[in-house]
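Listed below are the residues making up each chain.
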Amino acid sequence: MTERLTLPSPAKLNLMLHILGRREDGYHELQTLFQFLDYGDELTFAVRDDGVIQLHTEFEGVPHDSNLIVKAAKKLQQQSGTSLGIDIWINKILPMGGGIGGGSSNAATTLLGLNHLWQLGWDHDRLAALGLTLGADVPVFVRGHAAFAEGVGEKLTPVEPEEPWYVVLVPQVSVSTAEIFSDPLLTRNSSPIKVRPVPKGNSRNDCLPVVARRYPEVRNALNLLGKFTEAKLTGTGSCVFGGFPSKAEADKVSALLTETLTGFVAKGSNVSMLHRKLQSLL
Ligand SMILES: C[C@@](CO)(OP(=O)(O)O)[C@H](O)COP(=O)(O)OP(=O)(O)OC[C@H]1O[C@@H](n2ccc(N)nc2=O)[C@H](O)[C@@H]1O
Ligand SMILES: Nc1ncnc2c1ncn2[C@@H]1O[C@H](COP(=O)(O)OP(=O)(O)O)[C@@H](O)[C@H]1O
């Protein structure tokens, strides 16, 4: 049987997110802080020599060829000129459209996994540039280190924020990123932070007021978690999170809140678990 490789595909949080302005192409200039979670999906790969790219796991609402996993594999195959193909399976546990970057992470795991299995020898710069054509959050997952991001998320500076335990609540609504960025009430004029490292007290997410206003489920999650710690929104939501100094404390709060809401506990991590696994293969 062909050798199989299983790799993690972690979630991310936006620890802060400021919107500085809108570009001529409609995209928004951001400043955001990305940190990974030791929590995510798992992708399994097996090389095939007939050039076919086949994702074997079905996604509700996402056709095969629209899946970011398949798109990433096809782009890498085309641009590298390899004659090899791939069979892919995924154990999907990350909620879709929750602002924790599951789709982008899956794309990055695919790029790094195939670079390894197809023995392409591409460096992270080249893989991140290809990744950016799939989504603004793909490059940070390719590079695998917590980062302060600027532009639309592609200019990355590695950072070392604290690594607390998080309670992440998953309101059962999917928030459309496009809808939030086109809301007339969105604040788009935050002043750029020029000091490095980013001074404490800049943990605001400019999307929060608009998302909380439109989605009562998100408002409710923020209120409930806010009774225990500072409750924040990741990306454009819907997920809400708060940090705790120990797993025991995070577990205690999670147990109380997940009686009525969906959620999980995970450790913040400045080095992606994907990169830790890849390192162990060398
Ligand atoms: C804002 C973040 C923060 O991590 O949100 P989440 O998706 O994680 O919640 C991301 O950068 C999201 O990046 P990405 O995932 O590539 O965005 P897409 O879904 O492609 O964006 C959908 C739409 O949102 C708008 N959009 C997105 C990103 C951006 N910097 N400015 C924008 O104006 C555009 O109208 C775009 O067509
Ligand atoms: N492999 C994938 N995993 C998750 N979502 C995917 C994937 N491929 C395509 N998508 C599409 O991308 C959208 C955004 O997904 P995701 O990255 O999980 O959310 P977010 O950007 O809010 O963190 C999904 O609603 C889905 O339609």
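An unreviewed UniProt entry lists the chain under the name 4-diphosphocytidyl-2-C-methyl-D-erythritol kinase, with Pseudomonas fluorescens given as the organism. Among the UniProt annotations of the chain, the heading Sequence similarities (unreviewed entry) holds the following wording: "Belongs to the GHMP kinase family. IspE subfamily." Here is the UniProt Pathway (unreviewed entry) comment for the chain, exactly as written: "Isoprenoid biosynthesis; isopentenyl diphosphate biosynthesis via DXP pathway; isopentenyl diphosphate from 1-deoxy-D-xylulose 5-phosphate: step 3/6."

### Digging into the environment of W118
In this structure, W118 sits in the loop between α2 (102–117) and α3 (124–132). Assessed through its relative accessible area of 5%, W118 is described here as buried. Distance from W118 to T82, taken between C-alpha atoms, is 7.6 Å for residues 36 residues apart in sequence. Not counting residues within four places of it along the chain, the set of residues in contact with W118 comprises V47, I53, A73, L76, Q77, T82, L84, G85 and I86.

### Topic: the domain arrangement of the chain
Each domain of the chain was delimited in the assignment, giving domain 1 (4–159) and domain 2 (165–269). One C-alpha centre belongs to domain 1, the other to domain 2, and the line joining them spans 22 Å. Facing the 27 residues of domain 1 at the interface are 36 residues of domain 2. Of the roughly 2600 Å² buried at the junction of domain 1 and domain 2 (both faces included), carbon and sulfur atoms supply 58%. The three residues of domain 1 that bury the most area against domain 2 are L17, H18 and I19, which together make up 21% of that side's buried surface. Where domain 1 packs against domain 2, one counts 1 salt bridge. Taking the shortest distance from any N to any O, the salt bridge between E150 and R196 comes out at 3.3 Å. At the surface where domain 1 touches domain 2, the tally comes to 19 residue pairs in polar contact (both at pLDDT 80 or more). Mapped by element, the contributors of at least two residues to the side of domain 1 that touches domain 2 are β1 (4–22), β2 (28–48) and β5 (147–151). If one sorts the elements of the side of domain 1 that touches domain 2 by residue count, β1 sits on top with 11 residues.

### Describing the site of ligand 1
In the vicinity of ligand 1, 18 residues are found, and the nearest of them are K12, H28, A136, D137 and T236. Within the side chain of N14, a nitrogen or oxygen atom sits 3.3 Å from an oxygen atom of ligand 1. G26 places a main-chain nitrogen or oxygen 3.4 Å from an oxygen atom of ligand 1. Computed on the free molecule, ligand 1 has an accessible area of 690 Å², of which 78% lies beneath the protein chains in the complex. Placement of ligand 1 is best described as lying within the largest pocket. For the shell around ligand 1, the elements supplying multiple residues, two or more each, are β1, β2 and α5 (177–181). When the residues that make up the shell around ligand 1 are grouped by side-chain class, the tally is 8 nonpolar, 8 polar and 2 charged.

Reading guide: rules and limits
- Residues numbered from 1 in each chain as written.
- Chains lettered and ligands numbered in written order.
- Predicted model: local features only at pLDDT ≥ 70, side-chain atom pairs only at ≥ 80, totals over all residues.
- Heavy atoms only, no water.
- UniProt positions renumbered as here; feature names shortened; annotations may be inferred.
- Helix = DSSP H or I, 4+ residues; strand = E, 2+ residues; numbered from the N terminus.
- Buried < 20%, exposed > 50% of the residue type's maximum accessible area, 1.4 Å probe, protein only.
- Contact = heavy atoms within 4.5 Å.
- Domains from an automatic or database assignment.
- Buried area = accessible area lost by both parts, 1.4 Å probe.
- Salt bridge = Lys/Arg side-chain N within 4 Å of Asp/Glu carboxyl O.
- Polar contact = N/O pair within 3.5 Å; in protein donor to acceptor, adjacent residues only side chain to side chain.
- Near = heavy atom within 4 Å.
- Areas by Shrake-Rupley, 256 points an atom, 1.4 Å probe, with all protein chains shown as cover.
- 1 Å grid on protein atoms, 1.4 Å probe; cavity = no way out; pocket = protein on both sides within 12 Å on 5 of 7 lines; lining within 4 Å.
- Sits in = over half its atoms within 2 Å of the grid points.
- Nonpolar A, V, L, I, M, F, W, Y, C, P; charged D, E, K, R; others polar.

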